[in-house]
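Next come the chains, spelled out residue by residue.
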There are 2 protein chains.
Amino acid sequence: MDLKECGYSLANRKQMRKKSIHPCQSTDKDVIKEAHAENVMTNLSNAYASDLLPSKEGEDLTKCFLLRVVNILLHYIEKTFDDKSKILDFHHPHQLLEGLDGFDLELSDHPESLEQLLVDCTDTLKYGVKTGHPRYFNQLSSGLDVIGLAGEWLTATANTNMFTYEIAPVFTVMETVLLKKMCGIIGWRETEADGIFSPGGSISNLYGILVARYKQYPEIKARGMAVLPCIVLFVSEQGQTPFCVVATAGSTVFGAFDPLHDIADICETHKLWMHVDAAWGGGLLLSRKHSCKLSGIERADSVTWNPHKLMGVPLQCSAVLTREKGLLGACNQMQAEYLFQPDKVYNINFDTGDKTIQCGRHVDVFKLWLMWKAKGTYGFEVQIDRYMELAKYFYKVLKKKDNFKLVFDAEPEFTNVCFWYFPPRLKHIPKSFERDQELQKIAPKIKAQMIVEGTAMLSYQPCGDKVNFFRMVFSNPATRQTDVDYLIDEIQRLGKDL
Amino acid sequence: MDLKECGYSLANRKQMRKKSIHPCQSTDKDVIKEAHAENVMTNLSNAYASDLLPSKEGEDLTKCFLLRVVNILLHYIEKTFDDKSKILDFHHPHQLLEGLDGFDLELSDHPESLEQLLVDCTDTLKYGVKTGHPRYFNQLSSGLDVIGLAGEWLTATANTNMFTYEIAPVFTVMETVLLKKMCGIIGWRETEADGIFSPGGSISNLYGILVARYKQYPEIKARGMAVLPCIVLFVSEQGQTPFCVVATAGSTVFGAFDPLHDIADICETHKLWMHVDAAWGGGLLLSRKHSCKLSGIERADSVTWNPHKLMGVPLQCSAVLTREKGLLGACNQMQAEYLFQPDKVYNINFDTGDKTIQCGRHVDVFKLWLMWKAKGTYGFEVQIDRYMELAKYFYKVLKKKDNFKLVFDAEPEFTNVCFWYFPPRLKHIPKSFERDQELQKIAPKIKAQMIVEGTAMLSYQPCGDKVNFFRMVFSNPATRQTDVDYLIDEIQRLGKDL
């Protein structure tokens, strides 16, 4: 589909109303009809935002402009999935600030033409990072799910707020359907569980801890922190008052899973709240083969689970789930009547805004709902099982390579695989402070060069006594085995002379 | 532009690769070529998400699917701005949960066809609320800005995170450009100011208060709340320790502005942090005629300003700004090396994730940046000044109406206009507890009927000793004077027999 047709149909049908489109001085309808589609496109240099809807007769121009934007996006999507395209065209911050090839970030008092805005859109994508590229392994969130993307476009168009049922009837009900589904998958009795979607894992964890604290000390709501003892999250040796244990299911770097049953036993004995941060690992519950790694999560009191990580939902999509219904509301609600009126025409239990400290929230549920419809639970499972296979493959290949060393010898628990690359000059030097000081510099140098060349992206970090090592991670549906092989070759190419 | 053409061009050019499109059993190319565009569309009933990119040869199907989604969205946008269309097609939560005309919200293990997803998208919009409709006055955030929408579509397609420059180079730099611009408009010396975009006004206010507390008690970072005295936000009579005053510029219900200079004087004298919640009122700074209402804001230490309110940026877009540079970072950063590596190829001051308690954030800056480019500062000013005019017009009309009573006699300070409607049976009854009990029910009843009929939406609430009154508010660019007149008639029509 070429959007030149859009220009044509616009010209033919509506005879290019001069008011909104200003077609290059020409007034002759026939000339316009015959004008090449490309010329029609350039006409937007004389059109401005103020000509678009809700401006009178702005309808055709609005469609034309939005379709031209979509055309830019479709080209970008195509390139995203093309492993021969670069992941990024790297520049330094100061270069972007100074302006690159006419891409001027500065804001002015005066408007720019719609044509210039299209150029700005193209440039924004040109200098960005293709996070859906098959060789983008940089974050736990990666990939570009087309259904999720469609969901985001619709969400943006609906432009509402997870505040009340009144202004987001479908989305608030979808949220309850999703939360019920997710609580069911965790293993909680569905009718009793609860939750909300929040802006990311840190905020979801915050909600989990707020609820834990409220459950133990409900007086905090009216009387504040001052009435509490000095409470701590983990049992410490200083004799302070523990109230909550946060377990991790899928750690960021190593992809490690805490033993949830053991932790649940301790929490039960000592009456502590058990929160599981499954932001990364939660998605594994959808795999019948691998969900056992989260065994015991059904005993948790609250769980953070980010569908924008392993499940590949576009950013952002994070849920905090609680086993006991009503706690989020009891803990966070202010019942401000100027925000949440009690005398409404519908069941106000769906006015979910008052369950949060945010009041309004971005609509993060629709894309997940649409993806779930599109894939079915089994579709997610297939995708996730494939990541696990790829991780195993990657691990096995690395294990055989002389100049790579795995941070852990054992097969990976999750899709994270951590490893060092040793350039030939360091390969045979035994571990020592001096050698580690050299090794520490290798990953950053390889990564820097990868970014500059735009060939692949993966993360590295030090951890404890381990100097900088790479963390490979699989959560990108576009990644194939060939991309994995490519990455290994690429690391060797860039690293061998370091 | 009709997307039937999309089907056609797809059929003609790519001869409907059978693998991905499954064209209704037919294999004859000529038949397909001649097939009516509508038939081509129905072909997606045999196509699934797994056939889309990154699936091999999924390119054409991906374009076709996304363009069909866009077609649905374009029709929705058209209807949004049509004042003859209903704002919503009201149903109760249980009706949505039970399923309306085949709109089934339940999630299954098995996938649905792309065609069914398109129906789901249509239904999602059908049962939602058109927040850009000219007669949607329900929230401080209303309207549908086409440029902002395009910005959101692009943001969704780029699908990255305000975490590091590495993965969001253009967006993190755009954020600094926007923050600098906004700090400049507030009146702070640009090089010294700072800020971040956060998920909504409540979280922005939270950041303001966290910074205020940190500035006064930096030891909180290492040693926690327990080392602090019992601090309070407002000076109380109980002799506790005040540390911060939160002033409001544009209150939610009345649109009132606190006297910022007076508050700044007090804060200076007592060395208190001054935070201004200008979530709603901040946009007024862009009006040369009206910005004086925020005079003194330049003396604040921190400011919350939501471009998703008066400036009409799609939800969500909220900034917290601080006069002193570096405080957000000092207060919130954890310098976790597994998240933010110090040994990078670029200037890591642009790795803004560590300035927040969130780590990653949704990209909320691009739509604002694109709108600013599109309108220029003057474009926002024109829009905002028009809202102020409409508010004045509405106030003047109501003042003359016998059966309407303004909550405040004076001309509105902002675009909020609060009023009661008195049905004839209550008009001549003097104020009394019994009369107020009856009056309390009027606004909810009128609102309920408006929602059921889908003719207009505006909010009501009680406040202190004032029983339920309507709050009209202007922030919707589609609203014209005729819509205001319509609303007044509509309230009378629905209310006269109550």
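Residues numbered from 1 in each chain as written. Chains lettered and ligands numbered in written order. Predicted model: local features only at pLDDT ≥ 70, side-chain atom pairs only at ≥ 80, totals over all residues. Heavy atoms only, no water.

## Quick look at the packing of aromatic side chains
Residues and elements named next belong to chain A. The test is simple: Here the aromatic set is Phe, Tyr and Trp, taking the six-membered ring for Trp, and pairing holds for ring centres within 6.5 Å; pairs whose planes are under 30 degrees apart are stacked, those over 60 apart are edge-to-face, and all others are tilted. By definition, any uninterrupted DSSP run of H or I lasting at least four residues is a helix, any uninterrupted run of E lasting at least two residues is a strand, and each is numbered from the N terminus. Categorising residues by exposure relies on relative accessible area from a 1.4 Å probe, with only protein chains included: less than 20% of the type maximum marks a residue as buried, more than 50% marks it as exposed, and the intermediate range marks it as partly exposed. Charge-over-ring contacts are defined here by two conditions on Lys NZ or Arg CZ: a distance within 6 Å of the ring centre and an angle within 35 degrees of the ring normal.
Using the criterion set out here, one finds 37 aromatic pairs over all chains in the structure. Seen in terms of ring centroids, Trp 280 and Phe 414 are 4.7 Å apart; in terms of plane orientation they differ by 45°. Their pairing is tilted. Placement of the pair is Trp 280 in the loop between strand 6 (273–277) and strand 7 (302–305) and Phe 414 in the loop between strand 9 (404–406) and strand 10 (416–421), with a sequence separation of 134 residues. For the pair shown, Trp 280 and Phe 414 are each scored as buried. The structure contains a cluster of three or more aromatic residues connected by ring pairs, namely Phe 394, Phe 404, Phe 419, Tyr 421, Phe 470 and Phe 474. Across from the ring centre of Tyr 486, 3.6 Å away, lies the NZ or CZ of Arg 135, which sits over that ring.

## Observations concerning unusual backbone geometry
With an omega dihedral of 10°, the bond running from B:Leu53 to B:Pro54 counts as a cis peptide bond. Examined against the element boundaries, B:Pro54 turns out to sit in the loop between helix 4 (37–42) and helix 5 (59–80). Cis geometry marks the peptide bond from B:Leu315 to B:Gln316; its omega dihedral reads -5°. If you trace the backbone, B:Gln316 turns up in the loop between strand 7 (302–305) and strand 8 (318–322). Its identity as a non-glycine residue notwithstanding, A:Gln335 has a phi of 45°, on the positive side. Taking the relative accessible area as the measure of exposure, A:Gln335 reaches 56% and is therefore exposed.

## A word on the relation of the copies chain A and chain B
To keep things clear, this is the line we draw: We place the copies in one frame by least squares, fitting the C-alpha atoms of every residue whose pLDDT is at least 70 in both.
Relative to chain B, chain A is turned by 180° and slid 0.0 Å along the rotation axis, the superposed coordinates differing by an RMSD of 0.0 Å. Such a turn and shift between the copies fits a two-fold axis. Of every C-alpha in chain A, the one belonging to A:Trp153 sits nearest the axis of rotation, 2.7 Å from it.

## Focus: the interface of chain A and chain B
As a reminder, the rule being used: Note on definitions: a residue-residue contact is assigned when non-hydrogen atoms from the two residues lie within 4.5 Å. Summed over both partners, the accessible area (1.4 Å probe) lost when two parts come together is defined as the buried area. Definition used for salt bridges: Asp or Glu carboxyl oxygen within 4 Å of a side-chain nitrogen of Lys or Arg. Between N or O atoms, a polar contact is any pair within 3.5 Å; within protein, one atom must be a potential hydrogen donor and the other a potential acceptor, and residues adjacent in sequence are included only when both atoms are from side chains.
Listed by partner, the interface residues are 129 residues for chain A and 130 residues for chain B. Summed over both sides, the interface between chain A and chain B buries roughly 11900 Å², with carbon and sulfur atoms accounting for 69% of that surface. On inspection of chain A and its partner chain B, the count reaches six salt bridges. Between B:Glu78 and A:Lys63 there is a salt bridge; the shortest N-O distance is 2.7 Å. Here chain A and chain B share 47 residue pairs in polar contact (both at pLDDT 80 or more) between them.

## What about helix 9 (residues 169–186) of chain A?
All names here are of chain A. Rule in force here: What a helix is expected to span follows from its residue count: subtract one and scale by 1.5 Å.
Compared with an ideal rise of 1.5 Å per residue, which puts 18 residues at 26 Å, helix 9 spans 26 Å between its outermost C-alpha atoms and is within 8% of the ideal. Within helix 9, 13 of the 18 residues are buried, which leaves the element mostly enclosed by the surrounding structure. Looking one or two residues past helix 9, Gly 187 carries a phi angle of roughly 115°, positive in sign.

## Points about helix 7 (residues 114–126) of chain B
Spanning 13 residues, helix 7 of chain B covers 18 Å between terminal C-alpha atoms, matching the ideal 18 Å at 1.5 Å per step. Those residues of helix 7 of chain B lying buried are B:Leu114, B:Glu115, B:Leu117, B:Leu118, B:Asp120, B:Cys121, B:Asp123, B:Thr124 and B:Leu125.

## Digging into the pairing of strand 12 (residues 466–473) of chain B
All names here are of chain B. Basically, it comes down to this: In this analysis, strands are considered paired if DSSP registers two or more bridges between them.
Among the eight residues that make up strand 12, seven are buried, leaving the element largely enclosed by the rest of the structure. Across four bridges, strand 10 (residues 416–421) lies against strand 12 in antiparallel orientation. Directly across from Val 417, in strand 12, lies its bridge partner Met 472. With four bridges joining them, strand 11 (residues 457–463) and strand 12 adopt antiparallel strand pairing. Across the sheet, Gln 461 pairs through a bridge with Phe 469, a residue of strand 12. Between strand 11 and strand 12, which follow one another and run antiparallel, lie two residues, and Gly 464 among them has a positive phi close to 60°.

## Structural notes on the sheet that holds strand 9 of chain A
All names here are of chain A. In plain terms, the rule: Under this scheme, a helix contributes an axis fitted over its contacting stretch, all axes are lines through C-alpha atoms, and angles between N-to-C directions fall in the 0 to 180 degree range.
Reading across the sheet, the five strands line up as 1-11-12-10-9 and stay open at both edges, with mixed pairing between neighbours. Of all strands in the sheet, those with a lone pairing partner are strand 1 (136–137) and strand 9, marking the two edges. Strands in contact with helix 14 (residues 365–400) are strand 9, strand 10 and strand 12 (466–473); relative to strand 10, the strand with the most contacts, it is inclined by about 20°. Here helix 16 (residues 433–453) sits on the sheet in contact with strand 10, strand 11 (457–463) and strand 12, set at roughly 35° to strand 12.

## Examining the UniProt feature "modified residue: N6-(pyridoxal phosphate)lysine" (unreviewed entry) in chain A
All names here are of chain A. Filter applied, for reference: UniProt positions are given in the numbering used here, feature names are shortened, and annotations may be inferred rather than shown by experiment.
Sites flagged by UniProt as "modified residue: N6-(pyridoxal phosphate)lysine" (unreviewed entry) map to Lys 309. The residue Lys 309 is located in the loop between strand 7 and strand 8 (318–322) in this model. A relative accessible area of 18% places Lys 309 in the buried class. Leave out the neighbours within four places in its chain, and Lys 309 touches Leu 140, Ser 141, Ala 279, Trp 280 and Ser 475.

## Quick notes on the packing of helix 5 of chain B against helix 7 of chain B
Residues and elements named next belong to chain B. Quick reminder of the rule: In what follows, roughly perpendicular refers to angles from 65 to 115 degrees, roughly parallel to angles under 35, roughly antiparallel to angles over 145, and oblique to any angle outside these ranges. Crossing handedness is defined as follows: a turn of the near helix away from the far one that is anticlockwise and smaller than a right angle gives a left-handed crossing, while the clockwise case is right-handed. In this classification, Asp, Glu, Lys and Arg are treated as charged, Ala, Val, Leu, Ile, Met, Phe, Trp, Tyr, Cys and Pro as nonpolar, and every other residue, Gly included, as polar.
Close contact between helix 5 and helix 7 brings their axes to 10 Å; oriented N to C, the two are set at 20°. By the angle between their directions, the pair helix 5 and helix 7 is classed as roughly parallel. Crossing hand, helix 5 versus helix 7: right-handed. Residue-level inspection shows Leu 61, Phe 65, Arg 68, Val 69, Ile 72, Leu 73 and Tyr 76 of helix 5 in contact with helix 7, the latter providing Leu 114, Glu 115, Leu 118, Cys 121, Thr 122 and Leu 125. Tallied by class, residues from the contact of helix 5 with helix 7 come to 10 nonpolar, one polar and two charged.

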